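Coordinates in review
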Amino acid sequence: MTIENVMVIGAGQMGSGIAQVCAQAGFNVTLNDMKEEAYNRGIQGITKNLSRDVEKGRKTEEEKEGILGRITKSLDLNDAKNADIVIEAAVENMDVKHSIFKTLDAAAPEHAILATNTSSLPITEIAAATNRPERVIGMHFMNPVPVMQLVEIIRGLATTDEVYTAVEDMTTKLGKTPVEVQDFPGFVSNRILMPMINEAIFTLQEGVASKEAIDSVMKLGMNHPMGPLTLADFIGLDTCLYIMEILYEGFGDSKYRPSPLLRKYVAAGWLGKKTGRGFYDYS
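The rules behind these values
- Residues numbered from 1 in each chain as written.
- Predicted model: local features only at pLDDT ≥ 70, side-chain atom pairs only at ≥ 80, totals over all residues.
- Heavy atoms only, no water.
- UniProt positions renumbered as here; feature names shortened; annotations may be inferred.
- Helix = DSSP H or I, 4+ residues; strand = E, 2+ residues; numbered from the N terminus.
- Buried < 20%, exposed > 50% of the residue type's maximum accessible area, 1.4 Å probe, protein only.
- Pairing = 2+ DSSP bridges.
- Axes fitted to C-alpha atoms, helices over the stretch in contact; angles between N-to-C directions.
- Contact = heavy atoms within 4.5 Å.
- Expected span 1.5 Å × (residues − 1).
- Arc of directions from axis to C-beta.
- Polar contact = N/O pair within 3.5 Å; in protein donor to acceptor, adjacent residues only side chain to side chain.

Per an unreviewed UniProt entry, the recorded name for the protein is 3-hydroxybutyryl-CoA dehydrogenase, and the organism is Planococcus lenghuensis. Its UniProt record, at the heading Sequence similarities (unreviewed entry), says of the protein: "Belongs to the 3-hydroxyacyl-CoA dehydrogenase family." The record held by UniProt for the protein lists under Pathway (unreviewed entry) the comment "Lipid metabolism; butanoate metabolism."

1. Focus: the environment of Glu212
With respect to the element layout, Glu212 can be found in helix 8 (residues 211–222). Here Glu212 falls in the partly exposed class, since its relative accessible area comes to 42%. Residues Glu212 and Thr230, spaced 18 residues apart in sequence, show a C-alpha to C-alpha distance of 9.1 Å.

2. Some details on the sheet that holds strand 5 (residues 113–116)
Reading across from one edge, 3-2-1-4-5-6-7-8 is the order of the eight strands in this open sheet, with mixed pairing throughout. Whereas interior strands pair on both sides, the edge strands pair on one side only; in this sheet they are strand 3 (71–74) and strand 8 (177–182). On average, adjacent strands in this sheet sit at an angle of 25 degrees to one another, irrespective of strand direction. Packed on one face of the sheet, helix 2 (residues 36–55) meets strand 2 (28–32) and strand 3 and runs near 165 degrees to strand 3. Strand contacts of helix 6 (residues 161–173): strand 1 (5–9), strand 4 (85–88), strand 5, strand 6 (136–141), strand 7 (150–155) and strand 8, with the helix running at about 175 degrees to strand 7, the strand carrying the most contacts.

3. Quick look at helix 4 (residues 94–107)
Between its terminal C-alpha atoms helix 4 stretches 20 Å, which fits the 20 Å expected from 14 residues at 1.5 Å a residue. Burial in helix 4 covers these residues: Met94, Lys97, Ile100, Phe101, Leu104, Asp105 and Ala107. Each buried residue of helix 4 lies within a common arc of 165 degrees when the element is viewed along its axis, so the set occupies one face. Away from its buried face, by an angle of more than 90 degrees, helix 4 presents the exposed residues Asp95, Lys102 and Ala106. Two or three places before Asp95, at the opening of helix 4, Asn93 has a side-chain oxygen 2.9 Å from that residue's backbone nitrogen.

See below:
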């Protein structure tokens, strides 16, 4: 099947980044959010990214305007009526996703693929909210989307080969590297990354080393660009806890038990960079 018209649900950091790379690749993009102010923030972020590219000589002013011109505003999920693919990038909550996918299933044309950018929720369960589970798939982009190359493409139980191939081809057109993943808790990226971050938090909790020392060991000893505790602050400690709980519940294995210190920080509202304080102080 041919994909020309893309709808992105959610104009936050992930959704606006997905909209940007799709428009850069020549797709017609409808960027949707429930709130106009959220949409406006998303467009401002895209414009800022593109303006930086112009300043650095990576794009011309004409290219920037062409990309922005391919993005259309939407405040109504029924605008999916012209979409060949819808990519949902809303909050990580199964009830919210079920509601969105149920509406999209009724609004989008029969041929449309319904994709989700979820980082951990089961694709098969999301697909169950629709009458087209064979056309539901996961497209897990990495943050920041315009920079990071990987897209995990996750098959649900019913996802067809035709749908997988169409999404894989589209991902390549975006200049990204698609990697096929099966529908297990955390997929590949978060199943490996989050337990590492959780273990770093246990290491801090047990007094094995300071947060600076733990981060230095992983940066200088393992050649990681960022230490695990700094990375946790950037991801958001609430997000880290949420994904660890999904892994713990999904596998029923004690090795995925979230660190009590992580729970304590989240309960205190110390969620990382977005709140000004996590393992480090950003005030």
